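Chain by chain, the residues:
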Amino acid sequence: MLTVSEENLINNCINNFLKNNKSVDVANLKLKIWDYAKLLSNNGELNEDNINEILNDLSILEQDISFERDWALNKIVDTDLCAKCGTCSVVCPNDLVNFQERPYISEDCLRKGNGMCMEVCPRTITGSYDVRNRLDSFEEYHYAKSDIKGQSGGVITKLLQCLLDDGEIDGAIVIGANEWKPVSMIVTSSEGLFNNNTSKSKYAISSLQAVRKAGEMGLEKIAVVGLPCQVAGLRNIQYHKYISKHGAERGKNGKPAKIPKIEYVLGLFCTEKFEYSELVDKVNSLDISMDDVSKCDVKGKNFIISTEDEDYPISLSEINASPGCLMCRDFDAELADISFGDKGSPDGFSTIIVRTERGRIIEKYFDLHDDVKLDEIEFMRNFKRKRFNKEVSRRKDNDEFNSYFYIWQHGGVGSAQNNKVYIRFRTTIGGYYAPETLMKISEVAKKFNAKIKLTSREEIEIQDVDLCDVENLVAEFEDDDIMINGTEGPLFRSIMACPGQQYCNLGLIDTNELASEIERDYAEKPANYKFKLGITGCPNRCLAVTTTDFGINGIKIPKTADNCNGCGRCQDVCKVDAIEVRGDTSITNYGICVGCGKCVKACPNDAKKVKFEGYSIFIGGKGGRETIVGRQLNVKTKQEVYDTLEAVFEIYNELSIKPQKERLAHTIKRVGDLYFFNRVEEYKSKLKK
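Because the structure is predicted, anything quoted here is derived from the model rather than measured. (Residues numbered from 1 in each chain as written. Predicted model: local features only at pLDDT ≥ 70, side-chain atom pairs only at ≥ 80, totals over all residues. Heavy atoms only, no water.)

> Can you tell me about the state of the cysteines, naming the residues and giving the values?
By the definition in use, this model includes zero disulfides. For Cys328, which is in no disulfide, the shortest distance to another cysteine sulfur is to Cys229 and amounts to 6.5 Å. Residue class for Cys328 comes out buried when judged on its relative accessible area of 12%. As a non-bridged cysteine, Cys603 has Cys567 as the owner of its nearest cysteine sulfur, 5.9 Å distant. (Disulfide = S-S within 2.5 Å. Buried < 20%, exposed > 50% of the residue type's maximum accessible area, 1.4 Å probe, protein only.)

In C-alpha cells:
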C-alpha cells in the first residue's frame with residue numbers, strides 16, 4: 001500500500017503535470033497513475049523521477065501487467081468469484097500478493113498459492129460456523145447519530161475517535177479517497193479521521209493492505225472498518241488456526257506476516273461495489289469532474305452522484321456491479337462486532353447492529369434508540385439472497401466453476417472423497433432416536449440420492465452428498481428440533497452415553513439426565529481442539545470413557561456388615577475376583593474392586609453395604625493415533641462432576657497451544673500433571689465461593 005508521503009508525492013507530480021496539459025482526462029489519468037504507482041511502491045521504486053518519467057511517456061500506462069503466474073487463487077479470480085476484498089494481500093509472509101483492482105502475485109510462489117492466502121480467502125471457505133461459536137454472536141438493533149458531519153450521522157467516525165482518544169486502539173484502518181478512488185489507510189489519531197474523506201462512503205473496490213502496514217509500523221491494537229466480504233476475510237485471519245488447523249504460514253525469513261491484534265471489526269451494510277473505472281465513466285457522462293463530486297450514495301434503485309450544487313441520480317441497473325458481488329448474500333456484515341448502515345433508521349441517523357460483547361462498547365459513547373425498522377433491513381437481505389441464488393443457478397446451468405464457499409457456514413459439513421461432502425448430526429442423548437427421526441433422515445437421504453451411516457460415536461451422517469445439494473439438504477431440517485447440526489471442528493463434541501440406570505440392570509447412575517444437563521451447557525462450545533465426553537452407568541464401560549477427554553462412570557464401592565454369614569454369594573457374582581470369603585465373613589480387595597456394585601445387589605442377607613457411591617471421572621484420555629488412559633478421580637455428587645468438568649475445560653483452553661493439534665492429554669503432558677490438576681482444583685475452589 002502507499003504511505004501518506006507517497007500519496008502526497010504522486011498528487012504533487014500530477015498537479016504540476018496538469019498545469020501544462022489542460023486537455024488530459026484528469027480522472028482517468030489519476031486512476032492509472034495511482035495503480036501503476038502502487039506497483040512501483042511494492043517494488044521499492046517509487047520516487048519523483050519515476051513518476052515524472054511515467055507522466056512524460058503515458059504509453060507506459062498502457063502496458064499490461066501480467067497476472068499469469070501459477071497461483072491457487074487464480075481459479076477464484078479468473079472465474080469472477082473473487083470478492084476483491086484484499087484479504088489475501090494481508091497475510092502472505094513473503095509479500096507476494098498485490099492488488100490492482102484485483103489480487104495477483106508479483107513473483108512465483110514456492111507453494112503456488114496453496115497457503116494462507118487461499119485459506120483466509122472468504123470465497124474458498126467462510127468458516128463462519130466456527131467464528132460465530134467463538135464470538136458467541138447475537139443481534140441487537142439500535143440507531144444513533146453523532147455531532148460529527150458524515151455519512152449516516154457520522155457514527156463510525158465518532159466511535160473511532162472515541163476509541164483512539166481512550167486508548168482502546170492504537171490505530172484504525174479506514175477507507176480514504178483520492179479523487180474518490182478508495183485507498184486503504186491507517187489513522188493513528190482522531191485528527192486523522194477528518195482527512196482524506198474518510199467519513200464519506202465509497203462504493204468502489206478497495207483492499208485491506210493497510211492492516212499489514214499497521215503491523216509493520218508496530219501498532220498492536222487496531223479497529224478495522226470493512227465491507228461484509230472484508231469482514232469475513234478478517235475473521236478468517238483472526239480464527240485461521242482453528243479453521244485451517246495449523247498456525248500462520250511462515251515466510252522465507254521464518255516469520256509469519258506481522259499483523260496487529262484486531263480489537264474491533266466494524267462492518268458496513270453493502271449491496272454491491274463497483275469498479276472505479278465504471279464510476280469514472282458515469283461521472284464523465286454527466287459532464288462533471290471527479291474534483292467536483294462531494295458525495296456518493298445509494299437511494300432506492302438509484303446511485304446518487306452529488307456536487308455542491310446538484311444531485312445526479314443514475315439507475316443502478318445502468319452501473320455494473322463488480323462480478324464477485326453477485327455471489328455475496330451478506331448485506332449487513334453478519335460477522336462484525338458492530339454493523340452500520342442507514343437502512344432502518346431515520347434520515348441523518350445510522351442503524352447499529354451490535355453482534356458481540358466486545359461490540360457493546362458503543363453503548364459507552366452513544367444514546368441508542370431501539371425502534372429500528374427491521375423490515376427495511378430484511379428487504380435488502382432478501383434482495384441479496386435472491387440475487388445470490390440466481391447467480392448460483394446460472395453458474396450451475398452454464399457449468400461454470402463454483403467453489404461452494406458458502407456451505408461451510410453450516411455446522412456438521414465435512415469433506416469426503418470425489419468432491420462429495422457429508423452432513424453429520426449431533427447425536428441425541430443416549431443415542432436414542434425416535435422412529436420419526438430415522439424416517440425423516442431416510443427420506444431426505446433418498447431424496448438427495450445419498451447414503452446413511454451410523455458412526456462409532458452414535459451419530460448419524462448423510463454421506464455422498466453433492467456440493468450443490470448441501471444447502472437444500474440442510475434446509476430440510478430447519479423446522480425440526482430433533483437434530484442439531486454440528487460436531488465438526490474444535491468444539492465440544494456429541495456426548496456418548498450408555499442406557500444407564502433407566503434402561504440397564506447394571507446401571508448405577510442416570511446417564512441420560514447427566515448427559516442432558518451437560519449437553520445444555522456445552523453443546524458446540526468452542527475448544528482448542530475437539531473435546532469428547534463419554535458417560536457409562538457402571539464400570540463395565542461399554543463406551544471408552546477411560547480413553548476420552550472427560551469420561552464418567554457410576555461406581556458403588558462395597559463394605560461388609562457385621563451380619564455377613566460367609567455364604568459366598570458375593571464372591572460368586574464378582575467378575576474381577578475382588579472378594580474372598582474367610583470363615584463367616586467376606587473380605588474385599590479394594591486394589592482390585594472396580595465398584596460395579598454387583599455384590600451389594602446380590603447379597604441375600606443385606607450384608608453388603610455401600611462404602612462409597614458416586615462417579616469415577618477420567619481426565620485427559622485419548623484414543624486415535626495413540627491410546628492414553630485418563631487420570632482417575634472419584635467424586636460423590638453430580639455437582640462435583642459439573643464443577644470438575646468446567647474447571648478442566650476452562651483450564652485446558654487457557655493452557656493449550658497449537659489449535660486443532662493439541663488435545664487435552666497433550667496439554668497435561670506438556671505442563672505436567674501436578675501443575676494442571678493444581679490449577680483445576682484452584683478453579684473449583686473459586687466455584688464454591
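After that view, the rundown keeps rolling.
> Which residues make up helix α21 (residues 673-688), and what values go with them?
Given a rise of 1.5 Å per residue, 16 residues ought to cover 22 Å, and the 23 Å separating the end C-alpha atoms of α21 matches this to within 8%. In this fold, the buried residues of α21 make contact with β23 (631-635), α19 (638-655) and α20 (664-671). (Helix = DSSP H or I, 4+ residues; strand = E, 2+ residues; numbered from the N terminus. Expected span 1.5 Å × (residues − 1). Contact = heavy atoms within 4.5 Å.)

> Explain the environment of Ile535 to me, using residue names and the numbers behind them.
For Ile535, the position within the fold is in strand β18 (residues 533-536). C-alpha of Ile535 to C-alpha of Leu514: the two residues are 21 residues apart in sequence and 8.4 Å apart in space. Residue contacts for Ile535: discarding those within four places in its chain leaves Ile495, Met496, Ala497, Cys498, Ile509, Thr511, Leu514, Ala515, Ile518, Leu543, Val545 and Ile552.

> Could you give me a rundown of the side chain of Glu662, with the residues and numbers involved?
Note on placement: Glu662 falls in the loop between α19 and α20. A distance of 3.1 Å separates the side chain of Glu662 from the backbone nitrogen of Ile657, its partner in a polar contact. If near-sequence neighbours (up to four positions away) are discounted, Glu662 is found in contact with Asn528, Tyr529, Tyr652, Leu655, Ser656, Ile657, Thr667 and Arg670. (Polar contact = N/O pair within 3.5 Å; in protein donor to acceptor, adjacent residues only side chain to side chain.)

> Please provide a residue-by-residue account of the pattern of salt bridges, values included.
The tally for this structure, following the rule as stated, stands at 43 salt bridges. With a shortest N-O distance of 3.3 Å, Arg69 and Asp108 are connected by a salt bridge. Of this pair, Arg69 sits in the loop between α3 (48-56) and α4 (74-77) while Asp108 sits in the loop between β2 (103-105) and α6 (116-120), placing them 39 residues apart in sequence. For Arg69, a relative accessible area of 30% puts it in the partly exposed group. The residue Glu357 makes a salt bridge to Arg360 at a minimum N-O spacing of 3.1 Å. Relative accessible area serves as the criterion here: at 55%, Glu357 is assigned to the exposed category. When its relative accessible area of 25% is taken as the criterion, Arg360 is described as partly exposed. Salt bridges sharing common partners tie together Glu139, Asp332, Arg355, Glu378, Arg381 and Arg385. (Salt bridge = Lys/Arg side-chain N within 4 Å of Asp/Glu carboxyl O.)

> Describe the environment of Val545, listing the residues and the values that go with them.
By secondary structure assignment, the location of Val545 is in the loop between β18 and β19 (550-560). Assessed through its relative accessible area of 1%, Val545 is described here as buried. Separated by 72 residues in the primary sequence, Val545 and Ile617 place their C-alpha atoms 8.5 Å from one another. Contacts of Val545, omitting those with residues within four sequence positions, involve Gly534, Ile535, Thr536, Gly551, Ile552, Asn553 and Phe618.

So yeah, pure geometry; function would need other evidence.
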